[in-house]
Amino acid sequence: MQPLIDTELWLAHKRRALAHPIAGADFLMQRAAEDLADRLDAVERRFGKAAALFCQTPAAVEVIAASGKVGDIVRVEADEAFVGPGNGVVTPLETVPFEAESLDLVVSLLSLQAMNDIPGVLAQIRRSLRPDGLFLGAFAGAGTLAELRESLLTAETELHGGASPRVLPFTDVRDAGALLQRAGLALPVADVETVTVRYDSLFSLAADLRAMGETNPLLDRSRRPDTRRLFARAAEIYAERFSDPDGRIRASFSIVWLSGWAPDASQQKPLRPGSAKVSLKAILEKPAER
């Protein structure tokens, strides 16, 4: 598989953001953590051992612990800077460092979008889960930063006669559901929530992206130094196409949620085609009773 993302650069951006935190810039992670709490609350069972994979902050571990449904929690990160010495497992990004059937719950928040081999990571997660173990993951999906992508593409084409990739090629929710099935997870569910955030200008959005550690990590990014002229023109286009009546611009963040279970004989299974005892036609043709 040809890699698209410079994962070492992505991690460097994350380390820089960690070293220079800006209050409120972690709003997407906080929202994902709140959603995780709701999803765990809806699961009526306990988990012996859980892993939080590459979540970059303690938010996921804190939510898992607060649920009261997990006995042992392991935090896994790709750099010691995210966990501190002795507080978790450090392993290369895209590596799930657990034996087969050793976990009951795996959670991943806002990192899958930066991985080159999402199918491979999901397959490793599936392998690490005990029968009837649960995977819950959230990542930035298709539609995220669509306005920024269009504005930069248009501006660079105007000024230079062509454009280089500047925003990640995010995965669509339908493709995400297919990836769960491909990994061998049962009862797969993929859903998406789009969050619209308003900013004063493209430059305010860019500042938030730097504070998140989510600036351009693509291997095919242009090595040509960016110019003020490019971003000034992109900001103009952004304001022309994606602003509200008060002049503020909109930025979309589409968060795709995945859930799937390691197969187990106790799980519900769909009926065999043709095994129904009553036809849909008969039900539809039956007169309604008052």
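See the structure printed just above.
So, how was this worked out
Residues numbered from 1 in each chain as written. Predicted model: local features only at pLDDT ≥ 70, side-chain atom pairs only at ≥ 80, totals over all residues. Heavy atoms only, no water. Axes fitted to C-alpha atoms, helices over the stretch in contact; angles between N-to-C directions. Helix = DSSP H or I, 4+ residues; strand = E, 2+ residues; numbered from the N terminus. Parallel < 35°, antiparallel > 145°, perpendicular 65-115°, else oblique. Left-handed = near helix turned anticlockwise from the far one by under 90°. Contact = heavy atoms within 4.5 Å. Nonpolar A, V, L, I, M, F, W, Y, C, P; charged D, E, K, R; others polar. Phe/Tyr/Trp six-rings, centres within 6.5 Å; stacked < 30°, edge-to-face > 60°. Buried < 20%, exposed > 50% of the residue type's maximum accessible area, 1.4 Å probe, protein only. Pairing = 2+ DSSP bridges. Arc of directions from axis to C-beta. Polar contact = N/O pair within 3.5 Å; in protein donor to acceptor, adjacent residues only side chain to side chain. Core = buried A, V, L, I, M, F, W, Y, C linked by side-chain atoms within 4.5 Å.

Peer 1: I keep staring at the packing of helix H5 (residues 118-128) against helix H7 (residues 173-182) and nothing clicks. Help me out?
Peer 2: How two helices pack is summed up by the angle between their axes together with the distance between the axes. Taken N-terminus to C-terminus, the directions of H5 and H7 make an angle of 45°; their axes are 9 Å apart at the nearest point. The orientation of H5 relative to H7 falls into the category oblique. When you trace H5 past H7, the crossing you get is right-handed. For the pair H5 and H7, the contacting residues are Ile-118, Pro-119 and Leu-122 in the first and Leu-179, Leu-180 and Arg-182 in the second. Partitioned by chemical class, the residues of the contact of H5 with H7 number 5 nonpolar, no polar and 1 charged.

Peer 1: How do you make sense of the packing of aromatic side chains when you look at a structure like this?
Peer 2: For any two aromatic rings, the description comes down to two numbers: the centre-to-centre distance and the angle of the planes. Tallied over the entire structure, the rule returns 2 aromatic pairs. Considering the side-chain rings of Phe-27 and Phe-253, the 5.9 Å spacing of their centres and the 85° angle between planes classify their relative orientation as edge-to-face. In this pair, Phe-27 sits in helix H2 (residues 27-41) while Phe-253 sits in strand S7 (residues 249-261), placing the two residues 226 residues apart along the sequence. Note on Tyr-238 and Phe-242: the rings are 5.6 Å apart at their centroids and 80° apart in plane angle, and the pair reads as edge-to-face. Of the two residues examined, Tyr-238 and Phe-242, each falls in the buried class.

Peer 1: Teacher, can you tell me more about the sheet that holds S7 here?
Peer 2: Backbone hydrogen bonds hold the strands of a sheet together, and the pairing may be parallel or antiparallel. In spatial order, the strands read S3-S2-S1-S4-S5-S7-S6; together these 7 strands make up an open sheet with mixed pairing. Taken across any chain shown, the strands that pair with only one partner, and hence form the sheet edges, are strand S3 (89-90) and strand S6 (186-199). Relative to S7, S6 runs antiparallel, the two sharing 12 bridges. By the bridge assignment, Thr-196 is partnered in S7 with Ser-252. Packed on one face of the sheet, H5 meets strand S1 (47-53), strand S4 (103-109) and strand S5 (129-140) and runs near 150° to S5. The strands touched by helix H8 (residues 202-212) within the sheet are S6 and S7, with S7 carrying the most contacts at an inclination of about 35°.

Peer 1: Whenever I open this one, helix H3 (residues 59-67) confuses me. Can you help?
Peer 2: Side chains that are three or four residues apart share a direction in an α-helix, a result of its 3.6 residues per turn. Taken as a whole, H3 has its buried residues at Ala-59, Ala-60, Val-63 and Ile-64. Looking straight down H3, one finds that the buried residues subtend no more than 130° of arc, so they occupy a single side. Exposed residues lying more than 90 degrees from the buried face of H3 are Glu-62 and Ala-66. Just downstream of H3, Gly-68 is the residue with a positive phi angle, here 70°.

Peer 1: Where do I start with the environment of Ala-140 in this structure?
Peer 2: Here Ala-140 shows up in strand S5. Residues Ala-140 and Ile-255 lie 115 residues apart in sequence; the distance between their C-alpha atoms is 4.8 Å. Discounting residues that sit within four places of it in the chain, Ala-140 has contacts with Leu-110, Gln-113, Phe-170, Ser-254 and Ile-255.

Peer 1: Can you walk me through H5 in this structure?
Peer 2: Listing the buried residues of H5 in full gives Ile-118, Pro-119, Gly-120, Val-121, Leu-122, Ile-125 and Ser-128. Summarising the contacts, the buried residues of H5 are in contact with S1, S4, S5 and H7. Two or three places before Gly-120, at the opening of H5, Asp-117 has a side-chain oxygen 3.0 Å from that residue's backbone nitrogen.

Peer 1: I keep staring at the nonpolar core and nothing clicks. Help me out?
Peer 2: A general tendency of soluble globular proteins is for nonpolar side chains to be buried together. Counting 52 residues, the largest nonpolar core has Leu-36, Leu-109, Leu-148, Leu-205 and Phe-253 as its most contacted members. Ignoring any residue separated from it by four or fewer positions in sequence, one finds Leu-205 in contact with Leu-145, Leu-148, Tyr-199, Tyr-238, Ala-251 and Phe-253. Formed by 32 residues, the second largest nonpolar core is a distinct cluster that contains Leu-93, Val-106, Leu-122 and Phe-135.

The quantities given are spatial measurements derived from coordinates; they are silent on function.
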